[in-house]
Amino acid sequence: MILADKIIDLRKKNGWSQEELAEKLNVTRQSISKWEGAQSTPDLNKILAMSQLFGVSTDYLLKDEQGEVEYIATEEQSAVRKVSMEEANAYLNVTKRVSKWIALGVALCIASPICLILLAGQADAGHISEGFAVGIGMLVLLVMVAAAVALFISSGMKRKPYEYLESEIIETAYGVSGMLREKQESYRSTYVRRLVLGICLCILSVVPLMMAAMMHYTSANMMAIIGVGVLLFVVAIGVFLIILAAMPWSAMQKLLEEGDYARQNKGEKGKRNSAISSAYWLTAVAVFLCWSFVTNAWDRTWIVWPIAGVLYPALMGILGAFKKEN
């Protein structure tokens, strides 16, 4: 790997744009662009500055044959936790196993009101008593939610030994980065396929309700109730696929310290972002449950989740810009 590629790799690993790196090195963005395009070479002072900034040795930057990152201790990176090949593989295997259980738990939560909604429709039509409909429907709902909580707790306990990957600066052992890059490339097509299919299912989930709206008036009410049930079921499958796709990809990003898990997002900033994220999604859950049970409008309250999903990155971006400005 040549110097130009190493600068690109380290810049992206830290989540910086060319403008941000240029500002830190007190050079122009065009200089960074030329360095990364191998059109020019930084002078020795800039090599030393990058060594301190990225926390890597000058030997790593200057020697083309040295492909593995050789980190050095800096004031910002005084505590670096080493991750062996065995630990990295163990984390990936654990994530792969629990991802389907966490995805199933979320899908169970989304689908849990289906039985209650369908039985309530039967009660309104006079086919069964209202007490029976509410009793059985709530029983099924609580059992499904309890099963989901059990899956979340069990999966969380299995992932607990690896929580440090989200908040601590790490250094991977020799060969780990290469192994992770290979796994990323082999998994990329599966990741994109599952993600696209899951998102499409969530978007198309409203089709049953649209079809119900076109039905004759005498059958519209029951068809609308069935449409809501189908909508929740399709959304549950879509979200299942999205989580199943995202968790293994996220695990590899954590080990590579990329994206949301880049080094500058760890430490106190990482803890702050984690707290904000937890509070945000707990609030979304509370809004969804309160709105659903108070209004019993399950055919509309599902909209909380796509809105929350769209607003989340916007919120984190605004907070990040605000902190940077301060």
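All values reported here derive from a predicted model rather than from experimental measurement.

A. Main features of helix α6 (residues 85-111). Across its 27 residues, α6 extends 39 Å between first and last C-alpha, which sits within 8% of the 39 Å expected from 1.5 Å per residue. At Val-98, α6 shows its largest kink, close to 30°.

B. Representation of the pattern of salt bridges in the model. Tallied over the entire structure, the rule returns 7 salt bridges. With a shortest N-O distance of 3.3 Å, Lys-82 and Glu-171 are connected by a salt bridge. Linking Lys-82 in strand β1 (residues 81-83) with Glu-171 in strand β2 (residues 170-172), this pair joins segments that are 89 residues apart in sequence. According to the relative accessible area criterion, Lys-82 is exposed, its value standing at 57%.

C. Seen up close, the side chain of Arg-11. Mapped onto the fold, Arg-11 is located in helix α1 (residues 3-13). Note on Arg-11: relative accessible area 10%, which makes it buried. Polar contacts involving the side chain of Arg-11 include one to the side chain of Glu-36, which spans 2.5 Å. Among all residues touching Arg-11, those that are not within four sequence positions of it are Trp-16, Ser-17, Gln-18, Leu-21, Glu-36 and Phe-54.

D. The arrangement of the packing of aromatic side chains in detail. For the structure on display, the rule yields 4 aromatic pairs. Between the aromatic rings of Tyr-91 and Tyr-162, the centroid separation amounts to 5.1 Å while the plane-to-plane angle is 45°, which identifies the pairing as tilted. Placement of the pair is Tyr-91 in helix α6 and Tyr-162 in the loop between α8 (130-159) and α9 (164-167), with a sequence separation of 71 residues. Per residue, the accessibility class of Tyr-91 equals that of Tyr-162, and both read buried. Both rings, one in Tyr-187 and one in Tyr-191, keep their centres 6.3 Å apart while their planes meet at 40°; by these two values the pair is tilted. Taken as a pair, Tyr-187 and Tyr-191 lie in helix α10 (residues 176-204) at a separation of 4 residues, close to a single helical turn. Look at Tyr-191 and you get buried, because its relative accessible area is 18%. In textbook terms, an aromatic cluster arises when at least three aromatic residues are bridged by ring pairs, as seen for Tyr-187, Tyr-191 and Trp-249. For Lys-6, the ring lying beneath its charged end belongs to Tyr-60, and the centroid distance is 4.6 Å.

E. Just the confidence of the model for the protein, in detail. Taken as a whole, the protein shows an average pLDDT of 80; of its residues, 81% reach a score of 70 or greater. Looking over the protein, one finds the lowest element-wise mean pLDDT in helix α14 (residues 298-301), namely 64, and the highest in α6, namely 92.

F. Structural context of helix α4 (residues 44-54). Within the sequence span of α4, burial applies to Lys-46, Ile-47, Met-50, Ser-51 and Phe-54. Down the axis of α4, the smallest arc covering the buried residues is 145°, so these residues share one side. Among the exposed residues of α4, those oriented more than 90 degrees off its buried face are Leu-44, Asn-45 and Gln-52. Of the surrounding elements, those touching the buried residues of α4 are α1, α2 (18-25), α3 (29-36) and α5 (58-62). Where α4 begins, the side chain of Asp-43 points an oxygen toward the backbone nitrogen of Asn-45, at a separation of 3.2 Å.

Here is what the cut-offs are and how they apply
- Residues numbered from 1 in each chain as written.
- Predicted model: local features only at pLDDT ≥ 70, side-chain atom pairs only at ≥ 80, totals over all residues.
- Heavy atoms only, no water.
- Helix = DSSP H or I, 4+ residues; strand = E, 2+ residues; numbered from the N terminus.
- Expected span 1.5 Å × (residues − 1).
- Bend = angle between axes of the 7 residues up to and from the residue.
- Salt bridge = Lys/Arg side-chain N within 4 Å of Asp/Glu carboxyl O.
- Buried < 20%, exposed > 50% of the residue type's maximum accessible area, 1.4 Å probe, protein only.
- Polar contact = N/O pair within 3.5 Å; in protein donor to acceptor, adjacent residues only side chain to side chain.
- Contact = heavy atoms within 4.5 Å.
- Phe/Tyr/Trp six-rings, centres within 6.5 Å; stacked < 30°, edge-to-face > 60°.
- Lys NZ or Arg CZ within 6 Å of the ring centre and 35° of its normal.
- pLDDT = per-residue confidence, 0-100.
- Arc of directions from axis to C-beta.

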